[in-house]
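Listed here are the chains, written in short residue letters.
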Amino acid sequence: MVENTAVAPAIASSSAGHASPIRVGVLGFGGLGQAASRVLALKQEMRWVAAADQKGFVYNPAGLNPQDCITAYHAQGSLGYLEATGTLSSDSIQDLMTKASQVDGYFLALPNLPNTFMASVAKQFIQAGWRGVLVDAIKRTSAVEQLLELSDELRSAGITYMTGCGATPGLLTAAAALAAQSYSEIHQVKITFGVGIANWEAYRATIREDIAHLPGYSVEQARAMTDAEVEALLDRTNGILTLESMEHADDVMLELAGICDRDRVSVGGVVDTRNPKKPLSTNVQITGRTFEGKISTHTFTLGDETSMAANVCGPAFGYLKAGVELHRRGIYGIFTSAEVMPKFVR
Ligand code: NAD
């Protein structure tokens, strides 16, 4: 999957902390995109320089201010209205890509609606001849499979694409890959997530995509639902979505990493759309047999105080940093969060 043209100095210089900051763009400025801008504000090794929403984009190589951008987005509905740095556009990703000459990597905090959208964005980057690092927090198995098919094209284009790098898939998949090392055979990987958000409108795409996993719903049906229809559904469930046996890419990613067959991986969870407190503690349990023949289970549980946004954006930028180090060494193509360690971003 990789094209290796060697050399280690890129790692040495960036981990010494003397390299200039990685210039980061964020595509999608909803719940996760806004949280991403706040996460980046605390980082010395990364500088947030670009963002796009559905109606416009903003670019400033000197750096952007999260609060100004979040205020403008809420007040006027698009970053494009931002004075001096904003541009309104009906083709914002393409236009930003053309204008922003100094971006090392993008976090794709975009809805994957329809289920082919993220792959179409990746193709846009390939066709534009853009070179750099792309990171997504995509969730569905079939969506990751579409991206995996672009592996050769991404490699020839000089793009290092990190897929499934949020919380699940992402942090929890990587934890499963690490925990698997104690065993000689993996029997089961069980991911159970608890998400609490104060109101669903802060994360419309996340909630629509979760609804698409409910029995009787498809991605297309969830996409077509009006806000009023989503609210009516949530009224019927008291704001709670209970999800079981989800089509989640943790399965294909762990299979591809050679850890276990995909049918041994299961993902489910509970989302409370009316309360920021988690309804249950997010965890991954990895069961296997050791070389001595003992069956055991490792459990990795996230702290209840950590939000979905913290557990998605943190890993996404950790994988972006890892991707930049690969890119600087001439290693292009597609990687999942189960096969590369994220790097901590200072
Ligand atoms: P959201 O609905 O809050 O925001 C989406 C943003 O994308 C908006 O700013 C919108 O204007 C923008 N957008 C939509 N279409 C666009 C286009 N064509 N061009 C440019 N911008 C466009 O979304 P969210 O709730 O933050 O979720 C984003 C994604 O993150 C979803 O796909 C969700 O499934 C995923 N997610 C992953 C995990 C994980 O653990 N892997 C967890 C939560 C969410």
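Figured I'd write up the structure that's included with this text. None of these values were measured; they are calculated from a predicted model.

**Side note on the overall build of the protein chain**
Working step 1: Helix and strand content of the protein chain: 13 helices and 13 strands.
Working step 2: The C-alpha atoms of the protein chain give a radius of gyration of 20 Å, which matches the 20 Å a tight globule of 346 residues would have.
Working step 3: Projected onto the principal axes, the alpha-carbon positions of the protein chain cover approximately 65 × 55 × 35 Å.
Working step 4: Buried positions account for 54% of the 346 residues belonging to the protein chain.
Working step 5: A total of about 15,100 Å² of accessible surface is found on the protein chain, and carbon and sulfur atoms cover 51% of it.

**Remarks on the site of the ligand**
Working step 1: Taken together, 29 residues lie around the ligand, and Leu 32, Tyr 73, Ala 137, Thr 206 and Glu 209 are the ones closest in.
Working step 2: Within the backbone of Gly 30, a nitrogen or oxygen atom sits 3.1 Å from an oxygen atom of the ligand.
Working step 3: Separating an oxygen atom of the ligand from a side-chain N or O atom of Glu 209 is a distance of 2.7 Å.
Working step 4: The fraction of the free accessible surface of the ligand (880 Å²) that becomes covered by protein chains is 89%.
Working step 5: When contributions to the shell around the ligand are tallied by element, the ones reaching two or more residues are α2 (31-41), α4 (92-99), α9 (204-211) and α13 (308-328).
Working step 6: Considering each element in turn, the shell around the ligand owes the most residues, four residues, to α9.
Working step 7: Counted by class, the shell around the ligand contains 16 nonpolar, nine polar and four charged residues.

**Some remarks on the pairing of strand β12 (residues 295-301)**
Working step 1: Bridge analysis of strand β11 (residues 283-289) against β12 gives seven bridges, and the strand direction is antiparallel. If you follow Ile 286 over to β12, its bridge partner there is His 298.
Working step 2: Linking β11 back to β12 in an antiparallel pair, the connection comprises five residues, with Gly 293 at a positive phi of about 95 degrees.

**Quick word on the sheet that holds strand β2 (residues 46-53)**
Working step 1: The strand order across the open sheet built from eight strands is β4-β3-β2-β1-β5-β6-β7-β13, with neighbouring strands paired in mixed fashion. The open sheet has two edge strands with one neighbour each: β4 (86-88) and β13 (333-336). Strand-to-strand twist of the sheet, defined as the mean angle between neighbouring strand axes without regard to direction, takes the value 20 degrees.
Working step 2: Sheet topology places β2 next to strand β3 (residues 56-59); four bridges connect them, and they run antiparallel.

**Side note on the pairing of β13**
Working step 1: In β13, alternate side chains face the same way, and those of Gly 333 and Phe 335 on one face and Ile 334 and Thr 336 on the other are all buried.
Working step 2: For strand β7 (residues 159-163) and β13, the ladder comprises four bridges, and the chain directions are parallel. Residue pairing in the sheet places Tyr 161 in a bridge with Ile 334 of β13.

**Considering the environment of Thr 141**
Working step 1: On the secondary structure map, Thr 141 appears in helix α6 (residues 141-148).
Working step 2: Look past the residues within four positions of Thr 141 in its chain and what remains in contact with it is Glu 247, His 248, Ala 249, Asp 251, Val 252 and Arg 262.

**Observations concerning the pattern of salt bridges**
Working step 1: Enumeration according to the criterion identifies 14 salt bridges in this entry.
Working step 2: Across the pair Glu 325 and Lys 343 runs a salt bridge whose closest N-O atoms are separated by 2.6 Å. Of this pair, Glu 325 sits in helix α13 while Lys 343 sits in the segment after β13; the two residues are 18 residues apart in sequence, bridging distant segments of the chain.
Working step 3: One connected set of salt bridges, linked through shared partners, spans Glu 45, Lys 321 and Arg 346.

**Overview of the sheet that holds β11**
Working step 1: Read from one edge of the open sheet, five strands run β9-β10-β8-β11-β12, paired in mixed fashion. The open sheet is flanked by β9 (240-243) and β12, the only strands paired with a single partner. Across the sheet, the mean angle separating the axes of adjacent strands is 10 degrees when strand polarity is ignored.
Working step 2: The pairing of strand β8 (residues 185-196) with β11 spans seven bridges and is classified as antiparallel. Across the sheet, Ile 191 pairs through a bridge with Val 284, a residue of β11.
Working step 3: Running over the sheet, helix α8 (residues 171-179) touches β8, β11 and β12 and is turned about 25 degrees from β11.

Conventions and cut-offs
Residues numbered from 1 in each chain as written. Predicted model: local features only at pLDDT ≥ 70, side-chain atom pairs only at ≥ 80, totals over all residues. Heavy atoms only, no water. Helix = DSSP H or I, 4+ residues; strand = E, 2+ residues; numbered from the N terminus. Rg over C-alpha atoms; globule rule 2.2 N^0.38 Å. Buried < 20%, exposed > 50% of the residue type's maximum accessible area, 1.4 Å probe, protein only. Areas by Shrake-Rupley, 256 points an atom, 1.4 Å probe, with all protein chains shown as cover. Near = heavy atom within 4 Å. Polar contact = N/O pair within 3.5 Å; in protein donor to acceptor, adjacent residues only side chain to side chain. Nonpolar A, V, L, I, M, F, W, Y, C, P; charged D, E, K, R; others polar. Pairing = 2+ DSSP bridges. Axes fitted to C-alpha atoms, helices over the stretch in contact; angles between N-to-C directions. Contact = heavy atoms within 4.5 Å. Salt bridge = Lys/Arg side-chain N within 4 Å of Asp/Glu carboxyl O.

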